[in-house]
Amino acid sequence: MKESRLRRRYRAERRYRFYGKAAIAFAVCFLFFFFVAIVSRALPAFSQHEVLLRVALPDNLLKNLSTAEGEDANISEGAARRMLDAALAQELGGGGSAHERRARRALLTPLAALDLKRRVENLSASSVSSLSPSLLLPSWSLSFALSSSSERFLRAQSGGEQVADPALSDMQRDMLTALDAKGLVAKRFNLAFFTRSDSRVPSAAGIRGALLGSLWALLIAFLLAFPLGVLTAVHLEEFAPRNRLSALIEVAIYNLAAVPSIVFGLLGLVVFLNWWQLPRSAPLTGGMVLALMTLPIVVVTARSALKAVPEGIRNAGLALGASHSQTVLHHVLPQAMPGILTGAIIGMARALGETAPLLMIGMVAFIAQAPATPLDPATTLPVQIFLWADHPDPAFSSRAAAAILVMLCFLVAMNAAAVLLRQAFERKRQR
Amino acid sequence: MTTPDKHTDKPAAAKRQRAKIRARAVNVYYGDKQALFQVALEVPHKQVTALIGPSGCGKSTFLRCINRMNDVIEGCRVEGELTIDGENVATLDPVALRARIGMVFQKPNPFPKSIYDNVAYGVRIHALAQNRKETDEIVRQSLARAGLEQEVASRLNDSATALSGGQQQRLCIARAIALQPDIILMDEPCSSLDPIATARIENLIAELSQNYTIVIVTHSMQQAARVSHRTVFFHLGRVVESGETTQIFTTPRRKQTERYITGRIG
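Here we summarise the structure given alongside this text. What you see is a predicted model, and the numbers here were worked out from it, not measured in a lab.

## Brief notes about the pairing of strand S2 (residues 139–145) of chain A
Residues and elements named next belong to chain A.
Line of reasoning, step 1. Of all 7 residues that make up S2, 5 are buried, and the element is covered over most of its length.
Line of reasoning, step 2. Across 7 bridges, strand S1 (residues 47–56) lies against S2 in antiparallel orientation. Note that in S2 the partner of Arg-54 across the bridge is Ser-141.

In structure tokens form, the structure reads like this:
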């Protein structure tokens, strides 16, 4: 009788342990699928095919480059396009009809001509112009990005599968195969993804602008929310008398932490944009809205960190004749700091992933330039992901996945920073 | 165990005439609840006075009136007259007052810093030393007087929280005497310590009573009998009886006192 009960209890114990492990395994599975899905989608965005072309520089340009000061060495986009056409015809042969020319040109990204024009300008601005004419080569080997349909075709081909892409004609497919056979097509790491901002063309679209926008907005949010939040928490927890007013403030802060973030966006729209006339779409305004959103989180976590400091520490400080603020500043706050920092970083991580409030203040927009200051228009990472994920071109959805990866890296880095800071503080306390 | 008489080497009568702390009609309220009723007592100079009584009788509350630690408790109100060396504590600045009065709490509460910094903290905030060397000297002396120097001399920069409970409590005493106070208040300093650590603290109290006026709250009547010169018995917020320790424990005048010390109430 007694023994069977004991056996039953052991069985129950094993069962409960199994439930716990099963729950963890389930969560880990989800995490695994999540990462596999994102990484497999993101990988194409990190590499890009490029085609190497020998571009012949026109005689008049050569002459200008070697004699003039450089400003005259500019070419029009049309001239650049003609140079590209010539280079493509040289590699691929074929007739000179407008139809064929257009088919060849469509292999490259639509930005190829503009790209070439910029490179020629850089060339003339650099020291090349001071070189003697004899050293100036009449033709240059330059790499160009491909159009998204060519890109897709090459990827499918290297993967061994045949796709009937209606965007490419049979002639264009043969051309790509010919270029590949000549060894002119190379797969390179897509540096442009990190150095360029948003673009209509996937091969030229990057996250630099969104990343800078996010960093500016987070910096401003932190600079506002951290000191304000910690001071609020210290005052409420250590100095304020417990009366009806402080109880009201406390309830208000707890409620604020639960307010949907889009409401903070509305507040930003009404107060920051319409009333204070702050710049629309700017990381400054976005950061202020995110600070409002983060503030209650910082206050609540900082208060609980302060509450967790043993009363004996306060008594010890006061009994030694330290003033109230000395006691708080020298003993209570340092003791609570690891907890306060953890809360602040959790709040910042939430702010990093926030889209809804930024919607209201015009940060959801196509912005092709990286913000140089917090007053320039910008988007943020999650907004950029949202915009790209919505795009019909599949090349953009792989970029969205890549941007998600970058954002995850930032979140992991922030959490690691929180852990390191906490350890540093704890080590200091132990000494 | 050391008896108090060994340390009252100076004429006891002369000491008794000088009351260091004098309370008259002290009432303390926590919100609506009255915790102390018309407390009147005298604490003689450079002697150990023990406050005994059952839990919640107001002895700790009275102790906290002396250095105005009740000020920080919200809703706490103190009435009546409490003087130290003839000065009413209500008129003194609490921060300056607390620098003159050391306090040791029930649970050892060292700062989570190094042993050195624990003792040096008070010295620094009150600027009692001119330079680093003087601070070092004060720290060393205080630790020596608290009987801790030999144990920690080689690890002054280690964390104070790594010490044992008894060592932590002696560190708290060292921290208090580093400010060179006249009075040391002890709120059940041995209640969380083992008998060996308790014995060391009791010896220390006997030694310190040569230089300091000590008021100790204790739950242990044996401890009161061992360490104190005078004993005050509190019950339900009132002082029932006060007098020489030997007299209280051998021939109590009040029935209540007798019942408490023989273990029948409390």
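## Some details on helix H14 (residues 324–352) of chain A
Note that an α-helix has 3.6 residues per turn; residues three or four places apart therefore point the same way.
Line of reasoning, step 1. Counted at 1.5 Å a residue, the expected span for H14 of chain A with its 29 residues is 42 Å, but the 37 Å between its end C-alpha atoms falls short.
Line of reasoning, step 2. Along its length, H14 of chain A reaches its greatest deviation from straightness, about 50°, at Met-337 of chain A, and the proline Pro-338 of chain A lies no more than four positions downstream.

## Focus: the sheet that holds S2 of chain A
Residue and element names in this part refer to chain A.
Line of reasoning, step 1. Taken together, 3 strands build an open sheet; the order of strands is S2-S1-S3 and the sheet is antiparallel. Both edges of this open sheet fall to S2 and strand S3 (185–189), since each of them pairs with a single strand only. Strand-to-strand twist in this sheet, taken as the mean axis angle between neighbours without regard to direction, amounts to 40°.
Line of reasoning, step 2. Packing against the sheet, helix H3 (residues 77–92) makes contact with S1 and S2, and its axis sits at approximately 95° to S1.

## Thoughts on the layout of surface pockets
Line of reasoning, step 1. Looking at the largest pocket, its volume works out to about 620 Å³.
Line of reasoning, step 2. Elements with a contribution of two residues or more to the lining of the largest pocket: S1, helix H5 (112–125), S2, S3 and helix H8 (192–195) of chain A.
Line of reasoning, step 3. A class-by-class count of the residues in the lining of the largest pocket yields 11 nonpolar, 9 polar and 8 charged.
Line of reasoning, step 4. Looking at the second largest pocket, its volume works out to about 490 Å³.
Line of reasoning, step 5. Around the second largest pocket, the lining comprises 21 residues; the ones closest to its centre are Glu-237, Glu-238, Glu-311 and His-324 of chain A together with Val-72 of chain B.
Line of reasoning, step 6. Of all the secondary-structure elements, those providing two or more residues to the lining of the second largest pocket are helix H9 (208–239), helix H12 (283–307), helix H13 (311–319) and H14 of chain A.

## Describing the nonpolar core
Line of reasoning, step 1. Residues Phe-193, Ile-207, Leu-290, Leu-381 and Trp-388 of chain A are the most contacted members of the largest nonpolar core, which totals 44 residues.
Line of reasoning, step 2. Within the residue set of this core, elements represented by two or more residues are helix H1 (2–42), H9, helix H11 (261–275), H12, H14, helix H16 (381–389) and helix H17 (394–430) of chain A.
Line of reasoning, step 3. When residues in this core are grouped by element, the largest group, 10 residues, is from H17 of chain A.
Line of reasoning, step 4. In this view, Ile-207 of chain A contacts Phe-193, Phe-194, Arg-196, Leu-381, Trp-388, Ala-403 and Val-406 of chain A; residues no more than four positions away in its chain are not counted.
Line of reasoning, step 5. By size, the runner-up hydrophobic cluster in this structure holds 42 residues, among which are Leu-163, Ile-173, Met-186 and Cys-190 of chain B.

## Re the interface of chain A and chain B
Line of reasoning, step 1. Contacts between chain A and chain B engage 21 residues on the former and 25 residues on the latter.
Line of reasoning, step 2. In total, about 1800 Å² of surface goes out of reach between chain A and chain B, with carbon and sulfur atoms giving 60% of it.
Line of reasoning, step 3. Run the count over chain A and chain B and you get 0 salt bridges.
Line of reasoning, step 4. Where chain A packs against chain B, one counts 5 residue pairs in polar contact (both at pLDDT 80 or more).
Line of reasoning, step 5. It is H13 of chain A that contributes the most residues to the side of chain A that touches chain B, 7 residues altogether.
Line of reasoning, step 6. Residue composition of the side of chain A that touches chain B, by class: 8 nonpolar, 10 polar and 3 charged.

## Points about a positive patch on the surface
Residues and elements named next belong to chain A.
Line of reasoning, step 1. A surface patch of positive charge is lined by Arg-5, Arg-7, Arg-8, Arg-9, Arg-11, Arg-14 and Arg-15.
Line of reasoning, step 2. Mapped onto the fold, Arg-9 is located in helix H1.
Line of reasoning, step 3. Judged by relative accessible area, Arg-9 falls into the exposed class, the value being 57%.

## Here's the deal with the pattern of salt bridges
Residue and element names in this part refer to chain A.
Line of reasoning, step 1. All chains considered together, the criterion is met by 30 salt bridges over all chains.
Line of reasoning, step 2. A salt bridge links Glu-13 to Arg-17; the nearest nitrogen and oxygen atoms lie 3.1 Å apart. On the criterion of helical spacing, the pair formed by Glu-13 and Arg-17 is a turn pair, its members being 4 residues apart in helix H1.
Line of reasoning, step 3. Glu-311 is the salt-bridge partner of Arg-314, the closest N and O atoms lying 3.3 Å from each other. Of this pair, Arg-314 and Glu-311 both sit in helix H13, 3 residues apart, roughly one helical turn.

Conventions and cut-offs
- Residues numbered from 1 in each chain as written.
- Chains lettered and ligands numbered in written order.
- Predicted model: local features only at pLDDT ≥ 70, side-chain atom pairs only at ≥ 80, totals over all residues.
- Heavy atoms only, no water.
- Buried < 20%, exposed > 50% of the residue type's maximum accessible area, 1.4 Å probe, protein only.
- Helix = DSSP H or I, 4+ residues; strand = E, 2+ residues; numbered from the N terminus.
- Pairing = 2+ DSSP bridges.
- Expected span 1.5 Å × (residues − 1).
- Bend = angle between axes of the 7 residues up to and from the residue.
- Axes fitted to C-alpha atoms, helices over the stretch in contact; angles between N-to-C directions.
- Contact = heavy atoms within 4.5 Å.
- 1 Å grid on protein atoms, 1.4 Å probe; cavity = no way out; pocket = protein on both sides within 12 Å on 5 of 7 lines; lining within 4 Å.
- Points joined across faces, edges and corners; volume = space filled by probe spheres on them.
- Nonpolar A, V, L, I, M, F, W, Y, C, P; charged D, E, K, R; others polar.
- Core = buried A, V, L, I, M, F, W, Y, C linked by side-chain atoms within 4.5 Å.
- Buried area = accessible area lost by both parts, 1.4 Å probe.
- Salt bridge = Lys/Arg side-chain N within 4 Å of Asp/Glu carboxyl O.
- Polar contact = N/O pair within 3.5 Å; in protein donor to acceptor, adjacent residues only side chain to side chain.
- Patch = residues over 30% accessible without salt bridge, like charges linked within 9 Å, V, L, I, M, F, W, Y side chains within 5 Å.
- Areas by Shrake-Rupley, 256 points an atom, 1.4 Å probe, with all protein chains shown as cover.
- Lys, Arg positive; Asp, Glu negative; His and termini not counted.
- Charge placed at Lys NZ, Arg CZ, Asp CG, Glu CD.

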